[in-house]
Amino acid sequence: MSSKKVLKFGGTSVANPERIRNAASIILSAAKKERVVVVVSAFNGITNSLLECARQAELGKKEFQSGYIQIADLHMSVLKELHNGKPPKQVVADLQALLSELHDTLQGIFLLRHSSPRALDLTASFGERCSAMIIASFLQRTHPACFVDSRELVKTDDQFTHAVVQFEKTNHAIQSCFSKIFKVFRKQFIPVVTGFIGSTDDGLTTTIGRNGSDYTAAIFGAALGATEIQIWTDVDGIMSADPRTVPSAFVVPNMSYEEAMELSYFGAKVLHASSIAPAVAKHIPILIKNTLNPAAEGTRISHEVDKWEGVAKGITSVDDCTLLTLRGMSMVGVPGIAERLFRALASHRVNVILISQASSEHTICFAVNTTDAAEAKKAVHQEFHFELQSKLTSLDEKPAQTIVAIVGDGMKGTPGVSGKVFQALGRNHVNISAIAQGASERNISFVIDESQKILALNVIHEAFFEPRKKLGVVLIGPGNIGGTLLKQIHQQQNYLRSEGFDVRVCGIYDIGKAVFSSKGIDLKQWKEVLSNSSKHMNYSEFLLNIAKLQLTNGVIVDCTASPEIVDLYEDFVKLNMHIVTPNKRANVLPWARYKRLTELMKIRQKMFFYEANVGAGLPIISTLQDLIASGDQIVKIEGMFSGTLSHLFNHFDGSMPFSALVEDALKLGYTEPDPREDLSGNDVARKLLILARQIGLQMDMSDIKVENLVPQPLRSGSFSKEFFKKYAKYDGAMKKRLESAHANNSVLRYVAVLEGKKASAGILEVPRSHMLASTKGSDNIIAFTTQRYSKTPLVVQGPGAGADVTAGGVFSDLLKLLHYLPH
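Note that this is a predicted model, so its numbers are computed, not measured.

**Q** Help me understand the sheet that holds strand S8 (residues 254-256), please; the structure alone is not making it clear to me.
**A** The strand order across the open sheet formed by 8 strands is S3-S4-S2-S1-S7-S9-S10-S8, and the pairing between neighbours is mixed. Of all the strands in the sheet, the pair left with one neighbour each is strand S3 (145-148) and S8. The mean inter-strand angle of the sheet, taken between neighbouring strand axes irrespective of direction, is 20°. Pairing analysis gives 3 bridges linking S8 to strand S10 (residues 299-302), with the strands arranged parallel. Paired with methionine 255 across the strands is isoleucine 301, a residue of S10. The strands touched by helix H6 (residues 167-185) within the sheet are strand S1 (4-9), strand S2 (35-40) and strand S4 (190-194), with S2 carrying the most contacts at an inclination of about 130°. On top of the sheet, helix H7 (residues 212-224) reaches S1, S2, S4 and strand S7 (228-233); it is set at about 175° to S1, its chief contact.

**Q** For this particular structure, what's the right way to read the nonpolar core?
**A** Nonpolar side chains tend to gather and get buried jointly when the protein is soluble and globular. Of all hydrophobic cores here, the largest spans 77 residues; its most connected members are Phe572, Phe649, Phe658 and Leu679. In this structure, phenylalanine 649 is in contact with Phe658, Leu709, Met734, Leu748, Arg749, Tyr750 and Ile763, ignoring residues within four places of it in sequence. Residues Ile27, Cys53, Met76 and Phe126 belong to the second largest nonpolar core, which totals 51 residues.

**Q** Which parts of the structure should I look at to understand the packing of helix H2 (residues 46-58) against helix H5 (residues 117-139)?
**A** Packed helices, taken two at a time, are described by the angle between their axes plus the distance between the axes. The geometry of H2 relative to H5 is characterised by a closest axis approach of 9 Å and an angle of 145° between their N-to-C directions. Here H2 and H5 pass one another in a crossing that is right-handed. Across from Ile46, Thr47, Leu50, Leu51 and Ala54 in H2, the residues of H5 making contact are Leu120, Thr123, Ala124, Phe126, Gly127 and Glu128. Class assignment for the residues of the contact of H2 with H5 results in 7 nonpolar, 3 polar and 1 charged.

**Q** Whenever I open this one, the pairing of strand S15 (residues 432-437) confuses me. Can you help?
**A** One face of the sheet, then the other: side chains in a regular strand alternate in exactly this way. Direction of pairing for S15 relative to strand S16 (residues 443-449): antiparallel, over a ladder of 5 bridges. Within the sheet, the bridge partner assigned to glutamine 437 lies in S16 and is isoleucine 444. Taking the residues that link successive antiparallel strands as the turn, the S15-S16 hairpin has 5 residues, and the phi of glutamate 441 there is positive, at about 65°.

**Q** Sorry if this is basic, but what is going on with the packing of aromatic side chains here?
**A** Note on aromatic pairs: each is described by the distance of the centres and the angle between the planes. Inspection of every chain in the model, using the stated rule, returns 23 aromatic pairs. With 6.0 Å between their ring centres and 40° between their planes, phenylalanine 516 and phenylalanine 542 make a pair best called tilted. Within this pair, whereas phenylalanine 516 is found in strand S19 (residues 513-516), its partner phenylalanine 542 is found in helix H18 (residues 539-549), the two being separated by 26 residues in sequence. What links up through ring pairs into an aromatic cluster is the set Tyr509, Phe516, Tyr539, Phe542, Tyr569, Phe572, Phe608 and Tyr610.

**Q** I would appreciate a short explanation of the state of the cysteines in the present structure.
**A** What we call a disulfide is simply a covalent bond connecting the sulfur atoms of a pair of cysteines. As enumerated under the stated definition, the model contains 0 disulfides in all. Looking at cysteine 146, it has no disulfide partner, and the nearest cysteine sulfur is the one in cysteine 177, 7.8 Å off. On the accessibility criterion, cysteine 146 (23% relative accessible area) is partly exposed.

**Q** I'm lost on the pattern of salt bridges in this one. Help?
**A** Think of it this way: side chains of opposite charge can pair up when their charged atoms draw near. Tallied over the entire structure, the rule returns 32 salt bridges. Close ionic contact of lysine 313 with glutamate 259 constitutes a salt bridge, the shortest N to O distance being 3.0 Å. Of this pair, lysine 313 sits in the loop between S10 and strand S11 (314-327) while glutamate 259 sits in helix H8 (residues 257-265), and the two are 54 residues apart along the sequence. Here arginine 686 makes a salt bridge to glutamate 677, at a shortest N to O gap of 3.3 Å. Under the relative-accessibility criterion, glutamate 677 is labelled partly exposed at 31%.

**Q** I keep staring at the packing of helix H1 (residues 17-31) against helix H3 (residues 63-82) and nothing clicks. Help me out?
**A** Across the interface, H1 lies against H3 with an axial gap of 10 Å and an inter-helix angle of 55°. In terms of orientation, H1 and H3 fall into the oblique class. Where H1 crosses over H3, the handedness of that crossing is right-handed. From H1, Pro17, Ile20 and Arg21 reach across to H3, where they touch Val78, Glu81 and Leu82. Its residues assigned to classes, the contact of H1 with H3 comprises 4 nonpolar, no polar and 2 charged.

**Q** I'm lost on the environment of valine 766 in this one. Help?
**A** Looking at the element boundaries, valine 766 is found in strand S27 (residues 758-767). Residue class for valine 766 comes out buried when judged on its relative accessible area of 4%. Sequence separation of valine 766 and methionine 329 is 437 residues, and the distance between their C-alpha atoms is 78 Å. Those residues in contact with valine 766, other than ones at most four positions away along the chain, are Ser746, Val747, Arg749, Val751, Leu772 and Ala773.

**Q** How should unusual backbone geometry be read in this particular structure?
**A** A negative phi holds for most residues other than glycine; trans holds for most peptide bonds. Of note in the backbone geometry, asparagine 84 takes a positive phi value of approximately 55° without being a glycine. Relative to the elements of secondary structure, asparagine 84 occurs in the loop between H3 and helix H4 (89-112). On the basis of relative accessible area, asparagine 84 is assigned to the exposed category, the value being 59%. The phi torsion at threonine 161 lies on the positive side, around 80°, for a residue other than glycine. The partly exposed category is assigned to threonine 161, whose relative accessible area is 32%.

**Q** Got a minute to help me understand the sheet that holds strand S28 (residues 779-786) in this structure?
**A** By definition, the strands of a sheet pair up through backbone hydrogen bonds, in either a parallel or an antiparallel sense. Strand order in the open sheet formed by 6 strands is S25-S27-S26-S24-S28-S29, with mixed pairing between adjacent strands. Of all strands in the sheet, those bounded by a partner on one side alone are strand S25 (704-706) and strand S29 (794-799). Adjacent strand axes in the sheet meet at a mean angle of 25°, parallel and antiparallel pairs treated alike. The sheet contact formed by strand S24 (residues 634-640) and S28 spans 6 bridges and is antiparallel. Paired with glycine 639 across the bridge in S28 is isoleucine 782. Against the sheet, helix H22 (residues 620-629) contacts S24, S28 and S29, and its axis sits at roughly 5° relative to S28. The strands that helix H26 (residues 682-694) touches are S24, S25, strand S26 (746-755) and S27; relative to S26, the one it contacts most, it runs at about 40°.

Basis of the calculations
- Residues numbered from 1 in each chain as written.
- Predicted model: local features only at pLDDT ≥ 70, side-chain atom pairs only at ≥ 80, totals over all residues.
- Heavy atoms only, no water.
- Pairing = 2+ DSSP bridges.
- Helix = DSSP H or I, 4+ residues; strand = E, 2+ residues; numbered from the N terminus.
- Axes fitted to C-alpha atoms, helices over the stretch in contact; angles between N-to-C directions.
- Contact = heavy atoms within 4.5 Å.
- Core = buried A, V, L, I, M, F, W, Y, C linked by side-chain atoms within 4.5 Å.
- Buried < 20%, exposed > 50% of the residue type's maximum accessible area, 1.4 Å probe, protein only.
- Left-handed = near helix turned anticlockwise from the far one by under 90°.
- Nonpolar A, V, L, I, M, F, W, Y, C, P; charged D, E, K, R; others polar.
- Phe/Tyr/Trp six-rings, centres within 6.5 Å; stacked < 30°, edge-to-face > 60°.
- Disulfide = S-S within 2.5 Å.
- Salt bridge = Lys/Arg side-chain N within 4 Å of Asp/Glu carboxyl O.
- Parallel < 35°, antiparallel > 145°, perpendicular 65-115°, else oblique.

Right, here's the structure in full:
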């Protein structure tokens, strides 16, 4: 039972009586097995409240009195609640004495109108002194415990607010005190030590920096030769990233001291880099645990190198930075420039977070906290006064920057890590202002615009930590096809995960109403969620909400036939979104706009999939693209591209007038609400134009000769059932064409043909032996005659319409996109 553990509880872990009870349970459980030393912080937020009281008192504002009363009442109420309304009289007296001392300190600041660093340290110390006293009294109800004021043991210099620990004196004092405690009380006794504070040789109270309670735990652990230091917080351990910005972040089970210190230096909140130094020196493992979830394994930090499949352990960021760049040809080849710069910055107490120097020696970049930027510029202007005045050198400033760091021992000696980082950022158009890598190779850090921080962190986390490719879907038009697609995505989730894909629908937009969620919308009840959404938005607001999602891999799925949505495609691409759509209108834009869109997609490295543009779910476009990619030459494309017209002519045998067939088809749902759209042949022409552009022809709709089956007098005006009476007057002409075909042992079909540079769509007489005569129902059939398929065309045939097959084609495009995306 000679082993010892130091258990430190942060402010959030003892934020209220319930959490203090949780902490006490953890302490008492540990005390049954071995000796424990407990280090506590002030209750959550108390240190800030104390310093605010001091600030108010310094300004001569009597409001410090109300702040003091709140602090005093809080501590008294916690003490009473922990003791069921009957705390020991001596503890009440001791706490009241402490609070009276706090009041006297604040009153002194108020009278002097001055709050020196020394007075601030004394003021701040009351948080830990009160919390340690209260927790010790609660433990003492069931187990021997006592309050230990660390000011009597932790000896420091007099640099108030960030005092330096004098370890020789401190270690001797701790060892001497605790040897007596453990000798007298043996293992049953629990010392409760104040974190964060110490004292000078003259007995003046000091603080050892914010996050100082972690430091206190490490100091006591090292001095006592502890077997483990436990830091109890309100998180399950050190996360691979901040879960507030990276939802997929997870707890890292093991980490080296060096990895933990690198992450702490660059902004990770769980530990402070300097605070674990004493434990590192003695190779004492540090365990990060959650008071609210003690069963969680937490993160173990030690000198042992664990087996870890990835090269990185975590990513973190330092926000609110300014990047300063000293540049000039006068610096090239001149020795000592960097030394002059950093000596000047050090003399002005400017903390430099990141340094990057070009190999040409023409520039030196360094990043500082924005609060230090003015002092940094002052230091540079003083040191390089001559060079700047003569304009041989310039100093550039870039505010609102964030430093992102990726850390891991496995990065050392592993080729391609930097490339992986910057390729991932480049694909997502994250602009990098400066880059630095430590000599240890366990850290790559870079500077970016603050506005791109969330995107950058998610991009890097996905590239290094996530086993599945992620895809965020924003669906426009959840109607017949869109709703069916959502159903298919929901039904196929298990398959997608088994293939290594994480597909989430993060946005749904329908006629101005929208719902967004970066974590994904529940597809079991998307209709209810959309119906209940209060977000009615115009297109500008819609684009803004897509940008806010900050998707690393995002895709717009346009299931509308809207030209207005197509007008937004360039905006979607600029928002880093891929596009998948059955909407044909983008691919039949006037040539100049079409070319501009496709060129933008190439520049931005965005994918555009539109298999369902022609033939719904049939592999028509992909077949054509594969033929071209393999080097085949397209000679002729012909076929029946319209399910509606296919149905009409497959059933037009003379037994029923053509107009009656069209009316029946409308009732059966085979036509558009206005059947003139199908009869016009425009839809067939659009599909033929799409295929023509696939083989490199610079064509527009006006280049296609289209036979419109609606007589000129019936083409204008709104559609009504009266149309069929008027259309019946033209049945005779259609009947004559049918009789002519039959006389030639042929049938009528509405056929699109592309041969050479000529394109047409219209009614043809097709011999009964021809493949186009063999279609049934509403089938589409497309034949490719090529150099390789010159004698017998390559034929694709099947259902060319319907929500299920069209949605299936769109879903197939999503799968293609997932396979194209880099892991």
